[in-house]
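Inside the fold
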Amino acid sequence: MSYLKHLKSAVIASAIAVGFALPAAADEQYFPLQSYRVGPYAAGGTGFFGGFIDYLNLINIRDGGVNGVKLTWSEGETQYEVEKGVEVYERLKNNPGVAAWNPLSVGIAYAMIDRITQDKVPLITVNHGRTDSTDGRVFPYVFPLLLNPYSETSGIVNYIAGKLGGQDKLKGKKIVVLYHGSPYGKETIPIYKLLADKYGFEVQQIEVPHPGNEQQSQWLEIRRAKPDYVVLRGWGVMNPVALKTAQKVGYPVDHIVGNVWSNSEEDVIPAGDAAKGYVAITTQASGEQYPVVQEIVKTVYGAGKGNLEDKKRIGSVYHNLGIVNGILNVEAIRIAQGKFGHRTLTGDEVRWGFEHLQLDAKRVEELGAKGLFHSINVTWKNHEGDGYVTFQQWDGAKWNVVSDWIAPDWALLRPIIEKSAAAYAAEKGIKPRTSEEAPVTTN
Amino acid sequence: MFDYQFFLEVLIGGLLSGIMYSLVALGFVLIYKTSGVLNFAQGSMLLFAALTFVSLVERGVPFWGAFAATLGVMVLLGVAVERTILRPLVNQPPITLFMATLGLSYVIEGVAQLLWGTQVHGLDLGIEDSPFEVYGVLISQFDLFAAAVAGSLVAAFSLFFRYTRIGLAFRAVADDQYAALAVGLRLPRVWAIVWTAAGVVALVAGLLWGARLGVQFSLSLVVLKALPVLVLGGFDSIAGAIVGGLLIGAIEKLSEVYIGPYFGGGIEGWAAYVVALGFLLIRPAGLFGQKLVERA
Amino acid sequence: MATPVRNTLLVTPERLGVLLLLIVAYGVIPVIGTGYLFDAILTPFLALSLAAVGLNILTGYAGQVSLGSAAFLAVGAFAAFNFNLRVPGLPFVVSIVLAGLTAAAIGIVFGLPSLRLRGFYLAVSTLAAQFFVQWALTKFSWFSNDNPSGVIDAPPLTLAGFAFTGPIGRYLFSLTIVVVITFAVTRLIRSQTGRNFVAVRDHETAARVIGVPVLGTKLVAFGISSFIIGVAGVLWAFAYLRTVETGGFNIDRSFQILFIIIIGGLASLRGAFLGAAFIVVFPLILSRTGAALFGGVFDSGVLEMSQRIGIGALIILFLILEPRGLSALVDRVWDWVRPRRAAALGGATPRSFFIRKLQPKGRT
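The structure displayed is predicted, hence computed values, not measured ones. (Residues numbered from 1 in each chain as written. Chains lettered and ligands numbered in written order. Predicted model: local features only at pLDDT ≥ 70, side-chain atom pairs only at ≥ 80, totals over all residues.)

**With respect to the overall build of chain C**
Summing up its helical and strand segments, chain C has 14 helices and four strands in all. Long-range pairs, those at least 24 residues apart, make up 78% of the contacts in chain C between residues at least 6 apart in sequence. (Helix = DSSP H or I, 4+ residues; strand = E, 2+ residues; numbered from the N terminus. Contact = placed C-beta atoms within 7 Å.)

See the structure below:
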């Protein structure tokens, strides 16, 4: 009996969602969004999904869609919880023209891998996700675009090496990794060990139990260990507390390097002065000065359709990540349309588009994103796309880029990734692809 | 060679952290002492107070103005809670009231974020948190300040309970509700005042914790740190809240540093609970708590 | 001798009702239901109901308050995963039983404090189980088979050689397990052990006097309750989510199960199901009607906060107006229809069962 009530609401809700697009005659491509605008990570969620929606709006308003195909979307609140993410997935997956899923959550992404593989719709996990999904032979539908956790580690170590004067200078130095007490936090422990063995530096891993409100003892230990650099692999409230506690024990903040989930305004603002001088990795630079962001301000916010409530957050780290993610998704659709026609695409066709998402520096400039992000080169075997990273330093009011674009050591990491993917394939009975053709699964 | 300096640093850091826990526990004790209710909503009251204060400050209201305004809001909250929740549930057993406060915590959290949004805010109390060293042992300025504030609050409440008429009324109600009623004390009024007092404590604790962590959603999780303190110190003792807090803070930090490595680290989250649990088995009413007459 | 809690299955009209329900559940719903109904509503409902049944045995019938139930969900899920993975050729059902037994063992260990503690103190000590288990499962990657993200994937659900795949298959698998266990629990409640539970809850000293083994009874309650919650955890992880990480078994989940039995009605099997149905369906209805009525005016965040406020307010409302939960509400409606049933109104209420457990300072 409540089922009928559901049915009615679902019909009305989807009608409203689909009706968001303009004239019904045109073809549409749909983005279901498992967003999180409340809960402990709301700041990141509002920024990212805000940027993503802003970019989609830009394409719709400025270009009339992608070659005439309008982009539509609807949101379902997940609060960053796995089962809410799954519920939203089940609810929205039957809408027509689903292009791709962009959950921005490790837990939700994991829960979806089996489902989307069955549904044949791509899952985009930009800057995060399952590292071994980089191997597109085993994970045809999962795309950890731009940066997977291993590449991120390599990027950070390369940056530190740069600061010390070269990779040979790493020998004998000491690096502490302060990580969040969760699987996400522990994920890169083996890679740090690998790089430590290779370059001859000492690495110590110190755990901060979730949620990270208290880090007194950890930072006292760091004070005792006197490392040359501390890498902050945090999440949520752990980040500002880390910076404040570092100040408390007198560790110099400009020797703390944050990872890609410790790099936003929301992570540093609550720490106040303690964060001045803090450096963090990023795949997209902050700021409003990039042409595409300027266009969004003019076109989208000018028309009153801007998604962010607080306009000061335009150009922030998460907002720009959302914009970049929007660019990647839209370009994949555009590339796929080039092959399959200017119409609503199926999930498999969009997947093909992602597997040919090759944006070099020139194309990035055409898109108005020069300096915003570097480039991407996704192939059917490499779903990460070899994203470049840069580093930004916080001056108390904004982030300033302090490094060139750095390349992670992909060649070193690829064999490990392939090994892990092969183990997954064996466990699940998946036959890895041997060519670009549609994947063959035996389960 | 045992590193005494490091040990002292960890110990002192732990004790000072513990004071922060005591501050949260204080709010619990006030309410439990006078009405037997374990107010799980204390954490969300903390969040609400901090969010209100910070949002007012960000909109240009000066520090003390915002403080007074938030104080007013907490008073209103206290009165509202007494009227809508405590009165209808007045004859229910304590655990029912506990469940009600659980529900209340959800309501307050929801209202706080609905009103003020879910963004993260920084809170600057004007205290530079640069460390200073005493014989090579590191001590944090901010923590000392927090300890001083907590200490004065505790002293104020202790004096209040001992030397004022209302304080006397509180103690009477805590001792025996029916007798208090019999001598003419108005319970609803007493409870409204108690909840307001707890609201004030929540405000102070919210400001201090907010300055430490930033004001956002997970601020309400500090309540989970206060529970072992209550267990150790006794649910209804102010002195117990302080001593318990100091003990838990110290034990937590020391165990993390010295025992943690055997487990691979990260044991802070449950160490306090396990210690409290062990303690309970020896002394079920806590260090200073009154022995409950358990008519099983 | 205290009468056991009013047992809805003793009376024939209810037996008929249950039979009808089973026929609908097995025969009708699989035919007319959509994938969404199974994957997002019915399967989680079944898993949560089973967890609520388990917690109800401990807290509702035996009177021991526990705030750490999510820990046992986690133990069940991870144990089943590991048994299935590491013991070759073990039938899946046996893995589930072993997982339940593991959860029971851990439940008994963390239930030992109940021999000395009561009320709030016991509740706080159960939090120790919550935090410790969550920590242990995250810290030692052995539990998640050294998966770099600490996540476990569901193995195929098989029962007596049949593989239950697809939304309908998973639903039927969960349904069968829930039905079997609930049936066993109804027998348990009417047995001597069940009566011992109620005796210990209502008046521990008197129970001891008449010869009820209080210590053993409490531990049995913890054990059986944890067993059931462990099995519920297997269903939650493998039939519903199909990929789990330890983060989903946090204190909010424990509170959720507690809310279910409060809203549904303590010491009432039917209440576990009613409460679970409510908790699963309420947020969905709220967000749908919200979206339908207000469209894009309010963002999902506002709806989410409203839902939080709604649940909190409802808890308070239930505690004030109908402390015996939805189950009693249903009975009231039923009584309206059938006047003669309004006669016997024995059975536990939260008030009576707790009032004896907690006697703060001479208050009667």
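Having seen it, we continue.
**Things to note about the overall build of chain A**
Secondary structure assignment for chain A yields 15 helices and 13 strands. In summary, chain A has a C-alpha radius of gyration of 22 Å against a globular reference of 22 Å for 443 residues, a match within 12%. The buried share among the 443 residues of chain A stands at 62%. Taking as baseline every contact in chain A between residues at least 6 positions apart, the subset at least 24 positions apart corresponds to 69%. (Rg over C-alpha atoms; globule rule 2.2 N^0.38 Å. Buried ≥ 20, exposed ≤ 12 C-beta atoms within 10 Å, placed from the backbone.)

**Looking at the interface of chain C and chain B**
On the chain B side, the residues contacting the 44 residues of chain C number 47 residues. For the side of chain C that touches chain B, the elements supplying multiple residues, two or more each, are α5 (119–139), α8 (204–209), α10 (251–264), α12 (300–321) and α14 (350–355) of chain C. Per-element tally for the side of chain C that touches chain B: the top contributor is α12(C), with 13 residues. Looking at side-chain class alone, the side of chain C that touches chain B contains 28 nonpolar, eight polar and eight charged residues. (Nonpolar A, V, L, I, M, F, W, Y, C, P; charged D, E, K, R; others polar.)

**Topic: the pairing of strand β2 (residues 137–140) of chain B**
Residues and elements named next belong to chain B. Taking every second residue as pointing to the same face, the buried face of β2 carries Leu138 and Ser140, while none of Val137 and Ile139 on the other face is buried. The sheet contact formed by strand β1 (residues 131–134) and β2 spans four bridges and is antiparallel. Bridge pairing links Phe132 to Ile139 in β2. Hairpin remark: β1 followed by β2, antiparallel, with two residues in the connecting loop; positive phi at Tyr135, about 50°. (Pairing = 2+ DSSP bridges.)

**Observations regarding the environment of A:His356**
Residues and elements named next belong to chain A. Position of His356 relative to the elements: it lies in the loop between α13 (347–355) and β10 (358–359). Given 18 C-beta atoms within 10 Å, His356 falls into the partly exposed group. A C-alpha to C-alpha distance of 19 Å links His356 and Trp410, two positions 54 residues apart in sequence.

**Side note on the sheet that holds strand β13 (residues 399–401) of chain A**
Within a sheet, adjacent strands bond to each other through the backbone by hydrogen bonds, running parallel or antiparallel. Residue and element names in this part refer to chain A. Strand order in the open sheet made by the seven strands is β6-β5-β7-β8-β9-β12-β13, with mixed pairing throughout. The sheet terminates laterally at β6 (202–208) and β13, the two strands that pair on one side only. The sheet shows a mean angle of 30° between the axes of neighbouring strands, direction not considered. One ladder, built from three bridges, connects strand β7 (residues 229–233) with strand β8 (residues 256–258); its direction is parallel. Within the sheet, the bridge partner assigned to Val230 lies in β8 and is Ile256. (Axes fitted to C-alpha atoms, helices over the stretch in contact; angles between N-to-C directions.)

**Observations regarding the interface of chain A and chain B**
Listed by partner, the interface residues are 33 residues for chain A and 33 residues for chain B. Contributing elements (two or more residues each) for the side of chain A that touches chain B: α2 (42–63), β6, α8 (216–225) and α9 (238–249) of chain A. Residue contributions to the side of chain A that touches chain B peak at six residues, all from α9(A). Of the residues that constitute the side of chain A that touches chain B, the class distribution is 16 nonpolar, nine polar and eight charged.

**Quick notes on the nonpolar core**
The nonpolar side chains of soluble globular proteins are, as a tendency, buried together. Residues B:Leu46, B:Ala50 and C:Leu235 are the most contacted members of the largest nonpolar core, which totals 355 residues. With sequence-adjacent residues up to four places away left out, B:Leu46 is seen in contact with B:Val24, B:Ala202, B:Ala205, B:Gly206, B:Trp209, B:Leu219, B:Ser220 and B:Val222. The next biggest cluster of nonpolar side chains, apart from the first, holds eight residues, and it includes A:Tyr36, A:Val38, A:Ala42 and A:Tyr80. (Core = buried A, V, L, I, M, F, W, Y, C linked by C-beta atoms within 7 Å.)

**Some words on the confidence of the model for chain C**
Mean pLDDT over chain C stands at 81; residues scoring 70 or higher make up 86%. Note on the complex model: pTM 0.82, ipTM 0.83. (pLDDT = per-residue confidence, 0-100.)

**Some words on helix α1 (residues 4–35) of chain B**
Think of an α-helix as turning once every 3.6 residues; residues three or four places apart then point the same way. All names here are of chain B. For α1, with 32 residues, the first-to-last C-alpha span of 45 Å sits near the 46 Å given by 1.5 Å per residue. When the local axis directions of α1 are compared, the greatest deviation, roughly 30°, occurs at Ala25. Phi for Gly36, located one or two positions after α1, is positive at around 70°. (Expected span 1.5 Å × (residues − 1). Bend = angle between axes of the 7 residues up to and from the residue.)

**Quick word on unusual backbone geometry**
Backbone phi values are negative for most residues with the exception of glycine, while trans is the configuration of most peptide bonds. All names here are of chain A. Not every positive phi belongs to a glycine, and Lys120 is a case in point at roughly 60°. By the secondary structure assignment, Lys120 is in the loop between α4 (106–119) and β3 (123–124). In this structure Lys120 comes out as partly exposed when scored by C-beta crowding, with 16 C-beta atoms within 10 Å. Positive phi outside glycine occurs at Leu146, with the angle close to 70°. Following the sequence through the fold, Leu146 ends up in the loop between β4 (142–143) and α5 (149–164).

**A short note on the environment of B:Ser255**
Residues and elements named next belong to chain B. Tracing the backbone shows Ser255 in helix α10 (residues 238–263). Under the C-beta neighbour-count criterion, Ser255 is labelled partly exposed, with 19 such atoms within 10 Å. As a C-alpha pair, Ser255 and Phe145 span 110 residues in sequence and 25 Å in three-dimensional space. In this structure Ser255 touches Gly260, Ile267 and Ala271, once residues within four positions along its chain are discounted.

**Looking at the packing of helix α2 (residues 35–61) of chain C against helix α6 (residues 166–190) of chain C**
Residue and element names in this part refer to chain C. Two numbers describe how α2 lies on α6: the axes approach to 9 Å, and their chain directions differ by 20°. The angle between α2 and α6 places the two elements in the roughly parallel class. For the crossing formed where α2 meets α6, the hand is left-handed. Side by side, α2 and α6 meet where Gly35, Phe38, Asp39, Leu42, Thr43, Leu46, Ala47, Ser49, Leu50, Val53, Ile57 and Tyr61 of the first sit next to Pro167, Ile168, Arg170, Tyr171, Ser174, Leu175, Val178, Ile181, Thr182, Val185 and Ile189 of the second. Tallied by class, residues from the contact of α2 with α6 come to 16 nonpolar, five polar and two charged. (Parallel < 35°, antiparallel > 145°, perpendicular 65-115°, else oblique. Left-handed = near helix turned anticlockwise from the far one by under 90°.)

**With respect to the confidence of the model for chain A**
All names here are of chain A. When pLDDT is averaged along chain A, the result is 87, and 93% of the positions lie at 70 or above. Throughout residues 8–13 the model reports pLDDT below 50, and contacts reaching past four residues in sequence, or to other chains, amount to eight contacts. Per-residue pLDDT stays below 50 along residues 15–25; that stretch engages in eight contacts with residues further than four places along the chain or on separate chains.

**A closer look at helix α13 (residues 325–337) of chain C**
Counted at 1.5 Å a residue, the expected span for α13(C) with its 13 residues is 18 Å, and the 19 Å between its end C-alpha atoms agrees. Regarding α13(C), the residues found buried are C:Gly325, C:Leu326, C:Ser327, C:Ala328 and C:Asp331.

**What about the environment of A:Glu309?**
One can find A:Glu309 in the loop between α11 (291–301) and α12 (317–340). A residue is classified by how many C-beta atoms lie within 10 Å of it, and A:Glu309, with 11 of them, is exposed.

**Focus on the pairing of strand β9 (residues 279–282) of chain A**
Residues and elements named next belong to chain A. A two-sided burial pattern is seen for β9, the buried positions comprising Val279 and Ile281 on one face and Ala280 and Thr282 on the other. Bridging between β8 and β9 involves two bridges; their strand directions are parallel. Looking at β9, one finds that Gly258 is bridged to Ala280. Relative to strand β12 (residues 390–394), β9 runs antiparallel, the two being bridged by four bridges. From the neighbouring strand, Ile281 faces β12, where its bridge partner is Phe391.

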